[in-house]
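Analysis of the macromolecular model
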Amino acid sequence: HAKSRGTGSYAFFDDQLRASAVEQLKVTTDLTESLDDHEFELYYQSIIDVATGETAAFEALIRWHHDGIVHPPEYFIPIAESSDIIIDIGRWALGRACEQLAQWRNAIDGGNQAVSVNLSARQLRDVDFVSTVTDTLAAYGLPASALWLELTETALIDDDDIALTILEQLSSLGVTICIDDFGIGYSALGNLNKYPIDVVKIDKSFIAALGTQDEGDPKHHVLVTSIEAMSTALGLITVAEGVESADQLEQVKAIGCQFAQGWLFGMPLPMMQPWTDHVRPASQLRAQGQ
Ligand code: C2E
Ligand code: MG
Ligand code: MG
Ligand code: MG
């Protein structure tokens, strides 16, 4: 389409492409050093049992403290996923999440919460992944029931037997397997039966579309109701993601979702702040002309 805008557009288009390739390369290089530099951090967000209001699990959401900025996962996870760097980052996240959960379970009387860790497709092709999980749980004295793993539908579309074997092993250990962002991917519904899935996390776009009871489009209500009904019929538990209002909570409760997660209950929050000594404050960056 650049062609129709004349030759000038070509030059502009090329510069954009080159900039993004250079940026990608820089991010990739920087990511390889970031584990050693302790630049990653996990934030945590509660997953609430709607019947009791209690936290059933904490979802671990990664952040990257780099160049004085807290980068969200959308910025660097897709780049990390294009190489084996994601294996190392994923292993770090699993270990850190389990370490933190073990501390909470010790600190909270009768603490039996779980921690929910997001996985990338590549981790499900890593033959060492199951032993990484068992070693990590053992290292922090956690039962397998303390760990939920979240994967998106796209992690399963390769129809890969390795992923199936890994998930079956994890499932028989007692780890809870969640499908994340359900409903926006391209996977066949049959995957809910093919893979040992326990929990369906209904994508936040469906919850956002619920709007208010009066103004909400009833068609969106039908979608959430249908996902919930199908999940229940298959023996799966549902989490409504992205619950931002009391009204949305009432609706997902009425629909029958067992769990809910979202800003209504709290933003994802850091639990400790170990980065302050190695990320330079913005004022210092400006002084250096960066
Ligand atoms: P996700 O697993 O679906 O996580 C939920 C996202 O929704 C989080 O974004 C969270 O901050 C956001 N969120 C929570 N409540 C609300 C709400 O009420 N409204 C809205 N609009 N958003 C809400 P975040 O933290 O930016 O993470 C984005 C994605 O990055 C995650 O989506 C997950 O797919 C991926 N991710 C995060 N941590 C990791 C990780 O350690 N490893 C891998 N492979 N992916 C990760
Ligand atoms: Mg650097
Ligand atoms: Mg998730
Ligand atoms: Mg999600």
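Residues numbered from 1 in each chain as written. Chains lettered and ligands numbered in written order. Predicted model: local features only at pLDDT ≥ 70, side-chain atom pairs only at ≥ 80, totals over all residues. Heavy atoms only, no water.

1. As for the packing of helix 3 (residues 85-107) against helix 4 (residues 129-139)
The geometry of helix 3 relative to helix 4 is characterised by a closest axis approach of 9 Å and an angle of 25° between their N-to-C directions. The pairing of helix 3 with helix 4 is recorded here as roughly parallel in orientation. Between helix 3 and helix 4 lies a crossing of right-handed hand. The residues of helix 4 that touch helix 3, namely those facing Arg-91, Leu-94, Gly-95 and Cys-98, are Thr-132, Val-133, Thr-136 and Leu-137. Taken together, the residues that form the contact of helix 3 with helix 4 break down as four nonpolar, three polar and one charged. (Axes fitted to C-alpha atoms, helices over the stretch in contact; angles between N-to-C directions. Helix = DSSP H or I, 4+ residues; strand = E, 2+ residues; numbered from the N terminus. Parallel < 35°, antiparallel > 145°, perpendicular 65-115°, else oblique. Left-handed = near helix turned anticlockwise from the far one by under 90°. Contact = heavy atoms within 4.5 Å. Nonpolar A, V, L, I, M, F, W, Y, C, P; charged D, E, K, R; others polar.)

2. A few points about the coordination of the magnesium ion (ligand 4)
Ligation of the magnesium ion (ligand 4) by protein atoms is provided by Asp-180 (OD), Asp-181 (OD), Glu-241 (OE) and Glu-241 (OE), these donors lying 1.9 to 2.5 Å from the ion. Read in sequence order, the donor residues coordinating the magnesium ion (ligand 4) give the pattern D-D-x59-E. Here the magnesium ion (ligand 4) and the magnesium ion (ligand 3) are spaced 4.3 Å apart, with Asp-180 acting as a shared donor. Of this pair, Asp-181 sits in strand 6 (residues 176-182) while Glu-241 sits in the loop between strand 8 (237-240) and helix 9 (246-255), and the two are 60 residues apart along the sequence. Owing to a relative accessible area of 23%, Asp-181 belongs among the partly exposed residues under this scheme. The buried category is assigned to Glu-241, whose relative accessible area is 10%. (Donors = N, O, S within 2.8 Å, 3.2 Å for Na, K, Ca; no water. Buried < 20%, exposed > 50% of the residue type's maximum accessible area, 1.4 Å probe, protein only.)

3. Looking at the site of ligand 1
Within the structure, ligand 1 sits among 21 residues, and Arg-63, Ser-120, Asp-180, Glu-244 and Trp-263 are positioned closest to it. A distance of 3.0 Å separates a nitrogen atom of ligand 1 from a polar backbone atom of Ile-62. In isolation ligand 1 has 800 Å² of accessible area, and contact with the protein removes 85% of it. At the level of secondary structure, the elements contributing two or more residues to the shell around ligand 1 comprise strand 2 (55-66), helix 2 (73-80) and strand 6. Ranked by residues supplied to the shell around ligand 1, first place goes to strand 2 with four residues. In terms of residue class, the shell around ligand 1 is built from seven nonpolar, five polar and nine charged. (Near = heavy atom within 4 Å. Polar contact = N/O pair within 3.5 Å; in protein donor to acceptor, adjacent residues only side chain to side chain. Areas by Shrake-Rupley, 256 points an atom, 1.4 Å probe, with all protein chains shown as cover.)

4. A word on the packing of aromatic side chains
Per the stated rule, a full pass over the model turns up eight aromatic pairs. Relative to Trp-104, the ring of Phe-58 has its centre 4.4 Å away and its plane inclined at 40°; by these criteria the two rings are tilted. With Phe-58 in strand 2 and Trp-104 in helix 3, this pair connects stretches of sequence that are 46 residues apart. Each member of the pair, Phe-58 together with Trp-104, is buried. The structure contains a cluster of three or more aromatic residues connected by ring pairs, namely Phe-40, Trp-64, Tyr-75, Phe-76 and Trp-92. The cationic tip of Arg-63 hangs over the ring face of Tyr-43; the distance from NZ or CZ to the ring centre is 4.9 Å. (Phe/Tyr/Trp six-rings, centres within 6.5 Å; stacked < 30°, edge-to-face > 60°. Lys NZ or Arg CZ within 6 Å of the ring centre and 35° of its normal.)

5. A closer look at the confidence of the model for the protein
Considering every residue of the protein, the mean pLDDT works out to 86; 84% of them sit at 70 or more. Counting contacts from residues 1-9, a segment whose pLDDT is below 50, to residues more than four positions away or on other chains yields three contacts. Low confidence marks residues 273-290, where pLDDT is under 50. Its contacts with residues over four positions away, or in another chain, come to 18 contacts. Interface confidence for the predicted complex, expressed as ipTM, amounts to 0.97; the pTM equals 0.88. (pLDDT = per-residue confidence, 0-100.)

6. Focus: the coordination of the magnesium ion (ligand 3)
Protein coordination of the magnesium ion (ligand 3) is provided by Glu-59 (OE), Asn-118 (OD1), Glu-150 (OE) and Asp-180 (OD), with donor distances spanning 1.9 to 2.2 Å. Read from N- to C-terminus, the donor residues coordinating the magnesium ion (ligand 3) fall into the pattern E-x58-N-x31-E-x29-D. On the accessibility criterion, Glu-59 (3% relative accessible area) is buried.

7. A closer look at helix 4
Residues three or four positions apart in an α-helix share a direction because the helix packs 3.6 residues into each turn. For helix 4, every residue scored as buried is listed here: Phe-129, Val-130, Thr-132, Val-133, Thr-136 and Leu-137. Along helix 4, the residues classed as buried sweep out an arc of 160° about the axis, all on the same side. Exposed positions of helix 4 whose direction lies more than 90 degrees from the buried face are Asp-135, Ala-138 and Ala-139. Each element contacted by the buried residues of helix 4 is listed here: helix 3, strand 5 (147-152) and helix 5 (161-173). Gly-141 occupies a position one or two residues after helix 4 and carries a positive phi of about 65°. (Arc of directions from axis to C-beta.)

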